[in-house]
Amino acid sequence: MRKDIYERMIIMKKEGIKPNYAEIARRRDCDYRTVRRYFEQDVVPIRKHSKPSKLDLYKQIIEEKVDLGCTASSIYHFIKTKGYLGKYSILRDYVKSRKVEGIHKATIRFETFPGLQAQVDWKESMKLINKNGKLFEINVFLMLLGYSRTKYMKLTIDRNQDTLMSCMIEGFEYFGGIPKEILFDNMKAVVDQSKTNYHNAVINETFYQFSKDMGFEVIPCRAYRPQTKGKVEALAKLTSRLEPYNYEFETLDDLNEIVNNVLTDINNGVSLATNEVPTKKLEKEKEYLLPLPNQDLLNNYFTKPLTRIVTKESMVTYMNNKYSLDPKYIGKTVILEVNNNCLSIIYNKKIIATHIISSKKFNYRKQDMVSILKSDAMRFKKDEDIEDFAKKQMEIYDKI
């Protein structure tokens, strides 16, 4: 039995709502006859409408104001100017029921079938200060899978369309596939006209083509109306987890590493929404995700050079994994190019290192490992001892 559909049908019947079988079947990835059968087999009676209420003429206005976050008191005074003659207590109870129903519907909406839905948002213009008192203003991209609650986060400097699409591609690769539909909160990189009570959203043409290439459907949310608690929870967690790092980091790469560590912790902890570990639920969800397009198509969307600052470990990060290069480039800004599963690291228009892209956390070239050891930890050791130690270390990293 599809428990998610069955429970939804019970809710709709109790609320007196006649379901659109085909639309629900499309969103829940099942046959429309399954939806109809669950709706028709349950014996819960459809709620009958009671006698007309003084609120009836004003319910559309009330719902619009509730969506904007207005209080019952402010709505009451507003609709009195429109001719409302009923009591405040009636309005207050109705507003309360709408808010509870809104939260419940949002939760039901996001309790999706595996592989069906994800949501995308930004933590915008977050300010952090490094050890030297320098102010860093960053953005954090977030993509959240609805079923497993697995999250992908990425630190960015801007929020333009190219950045959004490249972050999403990295997120798809992180998840191991693409959900069938993705919710967006009317961000400018996605829609040219926001969705409201009065008109539908107009999807940006470039982003629409991107969605077709990737295979997902764009679902714009109504402006000022958060659709899930999961997104808010994830962003709140991230913000609170980053704040203690004020005055504790030096570079943007340090911050990127902190975000990656927070991401790992969150995905391997128990989700408050499901009471399960997201990475474990992701294993099931992966079976239902759409496959990634071919690499050439993906590469077309990385229109801007990927730049990195070489860390003190003499490494750069790509797709949450680290790749080595000669320590003489520590602190330098390099460009990453990806082609046919090969990562090229470029400095002053010259390729200074190449790696096969892998799923390993640490990826060392032997010559880089030797140079790193010679420059610091084993600078007084013999060359043959360093070579032998480097070989053993690389075997350990391969196992990790």
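Here the structure is a predicted model, which means the values were calculated and not measured. (Residues numbered from 1 in each chain as written. Predicted model: local features only at pLDDT ≥ 70, side-chain atom pairs only at ≥ 80, totals over all residues. Heavy atoms only, no water.)

A. Structural detail: the sheet that holds strand β12 (residues 342–347). As summarised here, the arrangement of the four strands in space is β8-β11-β12-β13, forming an open sheet in which the pairing is antiparallel. Every interior strand has two partners, whereas the edge strands, β8 (306–309) and β13 (350–356), have only one. In this sheet, adjacent strand axes meet at a mean angle of 30° when their direction is disregarded. Note that β8 and strand β11 (residues 333–339) share four bridges and pair antiparallel. Opposite Ile 309, over in β11, you have Thr 333 as the bridge partner. (Pairing = 2+ DSSP bridges. Helix = DSSP H or I, 4+ residues; strand = E, 2+ residues; numbered from the N terminus. Axes fitted to C-alpha atoms, helices over the stretch in contact; angles between N-to-C directions.)

B. Geometry of the pattern of salt bridges. Going through the model one piece at a time under the given rule, you end up with eleven salt bridges. Measuring nitrogen to oxygen at the nearest pair gives 3.9 Å for the salt bridge that ties Glu 276 to Lys 281. Taking the relative accessible area as the measure of exposure, Glu 276 reaches 39% and is therefore partly exposed. The closest approach of N and O atoms between Arg 365 and Asp 368, which form a salt bridge, is 2.7 Å. According to the relative accessible area criterion, Asp 368 is buried, its value standing at 2%. Through salt bridges that share partners, Glu 257, Glu 313 and Lys 322 make up one connected network. (Salt bridge = Lys/Arg side-chain N within 4 Å of Asp/Glu carboxyl O. Buried < 20%, exposed > 50% of the residue type's maximum accessible area, 1.4 Å probe, protein only.)

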